[in-house]
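What follows is the residue order along each chain.
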Amino acid sequence: MDVTIEASWKLELKQEFEKPYFNAIVQFLKAEKIAGKTIYPPGKLIFNAFEQTSFPNVKVVIIGQDPYHNFGQAHGLCFSVPDNIPPPPSLVNIFKELKNDLEIEIPKTGNLEKWAKQGVLLLNASLTVEENKPMSHSQCGWHLFTDAVISHISANKNKVVFLLWGKFAQNKESLIDKTKHYLLKAAHPSPLSAYNGFIGCKHFSKTNTLLLESGQTPINWAL
């Protein structure tokens, strides 16, 4: 199947695009559109995480669960929102920890593209969602695809820092070779759990320490 995705990922994931489950995802999304349902993010942004962070550039992976399901929020990067969209609660807590950890002032934008362009793959487990229906596309096959992405990174790269926030992300641990990569685990930044281990985790500074120790350029987390 000819999929419009950033060139390095198209090469790396070509076998996935030929599998029956991926065709099933495409047919599902077409049927949803024909049924008049509103899907987020817009079609051209479904693979935005891959567009912003090429495969050779990946050095940090943050795993989210589901795109934002309200109008204007989702743009294909987990936890991120476009410019001029107020940061949702989990992102607010991410910025609080950023200030707590590195004394970086709370940014005026919730757009995390600057992180992505430095090698932070902002990957949601589901790449689409129906408007106002969280987790509505979690059973359509996306998890097979994004699990394959995580496994492929694990098998074909070295010294990647995986940030696993919350139980959902931590369940992906089995896909990652811990002998060649770094795993940092904490509670989810959601208001329901942020103060049970996310605030104070210092994952931003720890990530940069690990990158430096492995001869890589640290991330400038300021937006």
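Just so it is clear, the model here is predicted, and its values are computed rather than measured. By convention here, each chain's residues receive numbers from 1 onward along its written sequence. Since the coordinates come from a predicted model, pLDDT governs what is reported: local features require at least 70, and pairs of side-chain atoms require 80 or more to be given and counted, while whole-chain, interface and lining totals use all residues. To obtain the side-chain values, all non-hydrogen atoms of the structure were used and water was disregarded.

This paragraph deals with the pattern of salt bridges. Oppositely charged side chains are able to pair whenever their charged atoms sit close together. The salt bridge criterion pairs a side-chain nitrogen of Lys or Arg with a carboxyl oxygen of Asp or Glu, the two atoms within 4 Å. Under the counting rule described, the total for this entry stands at eight salt bridges. The residue Glu16 makes a salt bridge to Lys19 at a minimum N-O spacing of 3.0 Å. Beyond isolated ion pairs, a larger network of salt bridges with shared partners links Glu173, Lys178 and Lys185.

By convention, a stacked pair of Phe, Tyr or Trp rings (six-membered ring in the case of Trp) has centres within 6.5 Å and planes under 30 degrees apart, an edge-to-face pair has planes over 60 apart, and any other such pair is tilted. Considering all chains together, one arrives at 18 aromatic pairs under this definition. Through a chain of ring-to-ring contacts, three or more aromatic side chains come together here, namely Trp9, Phe17, Tyr21, Phe22, Phe47, Phe50, Phe55, Trp142 and Phe145. Sitting over the ring of Phe55, Lys157 keeps its end group 5.1 Å from the ring centre. Two thresholds decide whether a charge sits over a ring: the Lys NZ or Arg CZ must be within 6 Å of the ring centre and within 35 degrees of the ring normal.

With respect to the secondary-structure elements, His181 resides in the loop between helix H8 (167-170) and strand E6 (182-186). Counting along the chain gives 31 residues from His181 to Ile150, while the straight-line C-alpha distance between them is 12 Å. Here, two residues are considered to be in contact whenever any of their heavy atoms come within 4.5 Å of each other. Excluding its chain neighbours within four sequence positions, the residues that come into contact with His181 are Ile153, Ser154, Lys157, Asn158, Lys159, Val160, Phe162 and Ile176. Residues adjacent in sequence count toward polar contacts only when both atoms are side-chain atoms; beyond that, a polar contact is any pair of N or O atoms within 3.5 Å, and within protein one must be able to donate a hydrogen and the other to accept it. From its side chain, His181 meets the backbone oxygen of Lys157 in a polar contact 3.2 Å long. Secondary structure counts use DSSP, requiring at least four H or I residues in a row for a helix and at least two E residues in a row for a strand, with both numbered from the N terminus.

Our focus in this paragraph is the sheet that holds E6. Any two strands between which DSSP finds at least two bridges are classified as paired. Read from one edge of the open sheet, four strands run E3-E2-E5-E6, paired in parallel fashion. Each of the sheet's edge strands pairs with one partner strand only, and the pair in question is strand E3 (120-124) and E6. Across this sheet, the average inter-strand angle for adjacent strands is 20°, counted without regard to direction. In this structure, strand E2 (residues 60-64) lies alongside E3, joined through five bridges in parallel fashion. Considered in E3, the bridge of Ile62 is made with Leu122. All axes are obtained by fitting lines to C-alpha atoms, using only the stretch in contact for helices, and the reported angles, taken between N-to-C directions, cover 0 to 180 degrees.

Turning next to helix H9 (residues 203-213). Turning to H9, its buried residues number three or more, namely His203, Phe204, Thr207, Asn208, Leu210 and Leu211. End-on view of H9: buried residues confined to an arc of 160°, all on one side of the axis. Turned more than 90 degrees away from the buried face of H9, the exposed residues are Leu212 and Glu213. On its buried face, H9 sits against E2, helix H5 (89-102), helix H6 (113-117), strand E5 (161-165) and E6. Looking at the residues trailing H9, positive phi occurs at Gly215, about 80°. Residue burial is assigned from relative accessible area. The probe radius is 1.4 Å, only protein chains are included, and a residue is buried under 20% of its type maximum, exposed over 50%, and partly exposed in between. In this description, the arc belongs to the directions extending from the helix axis to the C-beta atoms.

Counted residue by residue, E5 has five buried out of five residues, so it is predominantly covered. What you see with E5 is no split at all: Val161, Leu163 and Trp165 on one side and Phe162 and Leu164 on the other are buried throughout. Two elements, E2 and E5, share three bridges in a ladder whose sense is parallel. Residue pairing for E5: Ile62 is matched across the bridge by Leu163. Examined bridge by bridge, E5 and E6 share five bridges and lie parallel to one another. Within E6, the residue paired with Val161 across the bridge is Tyr182.

What follows concerns the environment of Ser193. Note that Ser193 resides in the loop between E6 and H9. As for Ser193 and Ser90, which are separated by 103 residues in sequence, their C-alpha atoms are 9.7 Å apart. With near-sequence residues (within four places) excluded, Ser193 lies in contact with Ala187, His188 and Phe198.

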